[in-house]
Amino acid sequence: MSSIVKHGLAAAILALTTNTAVAVDTQARLAPVYERLESEGERNAVLNQMELGARAYELKDYETATRAFDFALNQIESFYSNKEGAEQARSLWYEEGRKDFKGEPYERVMAYYYRGLLYLQEQDWGNARASFEGGMLQDAFAEEDQNRFDFALMAYLSAWASFREGNDVMQDRALKELAVLRKGAPTFGKGHNTLLVVETGTSPRKLGDGIGHYELVYRRGRKFDEERVAVVLGGKETQVYPMEDVFWQATSRGGRAVDRIVKGKASFRSTNAGVGGVLADTASTLQILQPISGSLGAVAGTLGAIGAMQMFVASKVNAKADVRYWSSLPDAVHVMSLKSSPGQTATVKLFDKAGTVLPELTQTVTMPDNGGLVWVRSRPSGTMPRHK
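Residues numbered from 1 in each chain as written. Predicted model: local features only at pLDDT ≥ 70, side-chain atom pairs only at ≥ 80, totals over all residues. Heavy atoms only, no water.

J.: What is the right way to read the pattern of salt bridges from this model?
T.: Oppositely charged side chains may form a pair once their charged atoms are brought near each other. A complete count under the given rule lists 16 salt bridges for this structure. Across the pair E58 and R29 runs a salt bridge, and its minimum N-O distance is 3.3 Å. On the criterion of sequence distance, the pair formed by E58 in helix α3 (residues 45-58) and R29 in helix α2 (residues 24-40) is long-range, its members being 29 residues apart. Owing to a relative accessible area of 38%, R29 belongs among the partly exposed residues under this scheme. The salt bridge partner of R173 is E133, with a shortest N-O separation of 2.5 Å. Note that R173 is positioned in helix α9 (residues 168-181) and E133 in helix α7 (residues 125-140), a separation of 40 residues in sequence. On the accessibility criterion, E133 (15% relative accessible area) is buried. One connected set of salt bridges, linked through shared partners, spans R36, E40 and R386. (Salt bridge = Lys/Arg side-chain N within 4 Å of Asp/Glu carboxyl O. Helix = DSSP H or I, 4+ residues; strand = E, 2+ residues; numbered from the N terminus. Buried < 20%, exposed > 50% of the residue type's maximum accessible area, 1.4 Å probe, protein only.)

Right under this line is the structure:
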């Protein structure tokens, strides 16, 4: 095991065992992730730190979550270094199963998403915005030299951080980007002080397909029925806006639907597919995307040169599909800004595709004393898949 993995694991275990605020059941639920960190080493360190971070966040162990995502993001950002391992990791034609895991674009974006949520909880608006914008850049870097950004959730959250900070310039810029991606998406009302974020469903799955499992395909998560979310606050029931279909993000590049990935290169569908899932039943649909603008666009414009290789290399590499995936992600993320009072309670209701309420998933939440973030997950993270 490398020194960096040993150091990260030792620090995490020390914090877990010395922090008396961490409940025994939390330790038990995180124990399998620590075991993976120790046994799978550096090759899967980023994957396992992502799993640790998301699961710790779900269990309200925010110190562990922060440490895990800081580790993961540091490694993700080294993706653009000149080290041999980093060059192999970002190569489209290097054998997938031998790479250090750095995640697909949607997974890297979601790492920035969770780190940004942690900043929101601390009401550190500037760092929260920076984290969400870091996720925008990861999305813009996606394959095929698209250099386009279509992860509406990150634009919305960036705008919210700026709204709470009182930075009208940054808020307006993010809302303009959001308007391109989600026409009619809700923004923020006067006096709104609380953001409700509801995650539903289970993670997209990666599977090997074709002869020799050389083709990578995506499938929606399993064992969930929920698609729509509503909140009852002050006797009024309001739908919580379905801002992002994470599965759609997994199965698209630059707004174009991916059929499968062969030797690391995306094979696009002949026509744009609908977003499906949680976004299909709303007035919000993915638009034909434009290159991102402003400072983000300037940075993204330089990304196409990174990792460019000659096409003939593809025929010389036996690139077996990499089916490792971040299993604790949701299927979709719903958002709503609101005005709340200290100690006020709200009921979060979930519905299936037919609009039938799912009472077993109903949750009651308490608004923060001074506004802030209320985060809800429809169901606990499941067992992690065993990756070779």
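J.: Just to check I follow, could you spell out α3 for this structure?
T.: In an α-helix, one turn spans 3.6 residues; hence positions three or four apart end up facing the same way. Along its 14 residues, α3 runs 20 Å from first to last C-alpha, staying within 8% of the 20 Å computed at 1.5 Å per residue. The element α3 is largely enclosed, with a buried count of 14 among its 14 residues. (Expected span 1.5 Å × (residues − 1).)

J.: How do you make sense of the sheet that holds strand β6 (residues 241-245) when you look at a structure like this?
T.: Two pairing modes exist for strands in a sheet, parallel and antiparallel, and in both the strands are linked by backbone hydrogen bonds. Across the sheet, which stays open at both edges, the four strands sit in the order β6-β10-β1-β13 with mixed pairing between neighbours. Here the strands that pair on one side only, and so sit at the sheet edges, are β6 and β13 (372-377). Across the sheet, the mean angle separating the axes of adjacent strands is 25° when strand polarity is ignored. Pairing of β6 with strand β10 (residues 332-338) involves four bridges; the strand directions are antiparallel. Across the sheet, residue E244 finds its bridge partner in β10, namely V333. (Pairing = 2+ DSSP bridges. Axes fitted to C-alpha atoms, helices over the stretch in contact; angles between N-to-C directions.)

J.: Looking at this model, I keep getting lost on the packing of α3 against helix α6 (residues 105-121). Mind explaining?
T.: Angle between the axes and distance between the axes: these two values describe a pair of packed helices. In the contact formed by α3 and α6, the axes pass within 11 Å of each other and the chain directions differ by 35°. Relative to α6, α3 is oriented so that their crossing is left-handed. Residue-level inspection shows M50, A54 and Y57 of α3 in contact with α6, the latter providing E107, R108, A111, Y114, L117, L118 and Q121. Each residue belonging to the contact of α3 with α6 can be placed in one class, and the counts come to seven nonpolar, one polar and two charged. (Left-handed = near helix turned anticlockwise from the far one by under 90°. Contact = heavy atoms within 4.5 Å. Nonpolar A, V, L, I, M, F, W, Y, C, P; charged D, E, K, R; others polar.)

J.: I tried to follow the packing of aromatic side chains on my own but got confused; where do I start?
T.: Working definition: an aromatic ring pair is given by the centre-to-centre distance plus the angle between the planes. On inspection of all chains with the given rule, the structure shows twelve aromatic pairs. Ring centres of Y114 and W326 lie 5.9 Å apart, and the angle between their planes is 55°; on these two criteria the pair is classed as tilted. Of this pair, Y114 sits in helix α6 while W326 sits in the loop between α12 (294-300) and β10, and the two are 212 residues apart along the sequence. Across the pair, exposure class does not vary: Y114 and W326 are buried alike. Sitting over the ring of Y119, R115 keeps its end group 3.8 Å from the ring centre. Over the face of the ring belonging to F351 we find R228, whose NZ or CZ atom lies 4.0 Å from the ring centre. (Phe/Tyr/Trp six-rings, centres within 6.5 Å; stacked < 30°, edge-to-face > 60°. Lys NZ or Arg CZ within 6 Å of the ring centre and 35° of its normal.)

J.: Mind showing me how you'd approach the environment of D369 here?
T.: Residue position: D369 is located in the loop between β12 (363-366) and β13. Under the relative-accessibility criterion, D369 is labelled exposed at 64%. When the C-alpha positions of D369 and S341 are compared, they lie 7.0 Å apart, and in sequence the two are 28 residues distant. Not counting residues up to four positions away in its chain, the partners in contact with D369 are P342 and G343.

J.: Quick question: what am I supposed to make of the sheet that holds β12 here?
T.: Across the sheet, which stays open at both edges, the four strands sit in the order β5-β4-β11-β12 with antiparallel pairing between neighbours. Where the open sheet ends on each side, the last strands, each with one partner, are β5 (236-239) and β12. Each adjacent strand pair in this sheet contributes to an overall mean axis angle of 30°, direction not counted. Here four bridges tie strand β11 (residues 345-352) to β12, and the two strands are oriented antiparallel to one another. Bridge assignment links T347 to a residue of β12, and that residue is T364.

J.: Would you explain the pairing of β10 in this entry?
T.: Of all seven residues that make up β10, seven are buried, and the element is covered over most of its length. Of the two faces of β10, the one holding A332, H334, M336 and L338 and the one holding V333, V335 and S337 are both buried throughout. By the bridge criterion, seven bridges tie strand β1 (residues 194-200) to β10 in an arrangement that is antiparallel. Counterpart to E199 in the pairing with β10 is V333.

None of this, on its own, says anything about what the molecule does.
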